[in-house]
Amino acid sequence: MGRLAKRAAVLVLPLALAACFGSDGDRPTLMDAGPQPFPDNFRSDTLALMRTYLNNPVGVREASMAEPALRQVGGRPFYVSCLHFTPRETDGSYKAMRERAVIYVNGRADRVVERANELCTGAVYAPFPELEKMTR
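Residues numbered from 1 in each chain as written. Predicted model: local features only at pLDDT ≥ 70, side-chain atom pairs only at ≥ 80, totals over all residues. Heavy atoms only, no water.

**Student:** Quick question: what am I supposed to make of the pattern of salt bridges here?
**Tutor:** Evaluation of the coordinates by the stated rule reveals four salt bridges. Across the pair Asp45 and Arg108 runs a salt bridge, and its minimum N-O distance is 3.5 Å. Placement of the pair is Asp45 in helix α2 (residues 42–53) and Arg108 in strand β5 (residues 108–113), with a sequence separation of 63 residues. Put simply, Arg111 and Asp110 hold a salt bridge, and the shortest N to O gap is 2.5 Å. Its relative accessible area of 23% is what places Arg111 among the partly exposed residues. (Salt bridge = Lys/Arg side-chain N within 4 Å of Asp/Glu carboxyl O. Helix = DSSP H or I, 4+ residues; strand = E, 2+ residues; numbered from the N terminus. Buried < 20%, exposed > 50% of the residue type's maximum accessible area, 1.4 Å probe, protein only.)

**Student:** Mind showing me how you'd approach the packing of aromatic side chains here?
**Tutor:** Counted by the stated rule, this structure contains two aromatic pairs. On the basis of an interplanar angle of 80° and a centroid distance of 6.0 Å, the ring pair of Phe38 and Phe42 is categorised as edge-to-face. Classification of Phe42 by relative accessible area gives buried; the value is 9%. With a centroid separation of 5.2 Å and 85° between ring planes, the pair formed by Phe38 and Tyr79 is classed as edge-to-face. Placement of Phe38 in the loop between α1 (2–21) and α2 and of Tyr79 in strand β3 (residues 76–86) is noted, with a sequence separation of 41 residues between them. The exposure class of Phe38 is partly exposed, given its relative accessible area of 35%. One cation-aromatic arrangement involves Arg61 over Tyr94; the distance from NZ or CZ to the ring centre is 3.7 Å. (Phe/Tyr/Trp six-rings, centres within 6.5 Å; stacked < 30°, edge-to-face > 60°. Lys NZ or Arg CZ within 6 Å of the ring centre and 35° of its normal.)

**Student:** Explain unusual backbone geometry here, please?
**Tutor:** It is generally the case that most residues other than glycine have a negative phi and that most peptide bonds are trans. In this model, Glu62 sits at a positive phi of 50°, which is unusual for a non-glycine residue. With a phi angle near 55°, Asn106 is a residue other than glycine that sits in the positive phi range. Relative to the helices and strands, Asn106 resides in the loop between β4 (98–105) and β5. The exposure class of Asn106 is partly exposed, given its relative accessible area of 46%.

**Student:** What am I meant to see in the state of the cysteines here?
**Tutor:** The term disulfide refers to a covalent linkage connecting the sulfur atoms of a pair of cysteines. Within the structure shown, the criterion is met by one disulfide. Between Cys82 and Cys120 runs a disulfide, and the two sulfur atoms are separated by 2.1 Å. Since a negative S-S torsion denotes a left-handed disulfide, the Cys82-Cys120 link at about -100° is left-handed. Taken together, the residues span a long stretch of sequence, with Cys82 in strand β3 and Cys120 in the loop between β5 and β6 (125–127) at a distance of 38 residues. For Cys120, a relative accessible area of 5% corresponds to the buried category. (Disulfide = S-S within 2.5 Å.)

**Student:** Help me understand the environment of Pro39 in this model?
**Tutor:** The residue Pro39 is located in the loop between α1 and α2 in this model. For the pair Pro39 and Ala109, spaced 70 residues apart in sequence, the C-alpha to C-alpha distance is 7.8 Å. Excluding anything up to four places from it in sequence, Pro39 contacts Pro68, Tyr79, Tyr104 and Gly107. (Contact = heavy atoms within 4.5 Å.)

Structure representation (structure tokens):
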């Protein structure tokens, strides 16, 4: 009976997790957003978002962050903060530094953009040691 229960759990678990994520209707889209307020808690919001974005948030090196600036995203102005960091790979090694953009919607960190070149042009970075100190 124990094996059967384990197999059933493995089959049912993905369905249960999918239900937890909700629909896209729960999350504001970039097209629906109006004038954007400055993200007052951008550092802590970015940390929370990066904790879920990174496969392993432990051991990040060389972290730096640019203060949020209004940038055009999808033809509309949003606050965007840019990050430089070197994450620890799954095998424990370190590879190239990454650049990511965090887009804030309604004053909250909403999503991470991997192709950040254009969004982060001219960004001025400062050390972001909190990102290096993250734990699981």
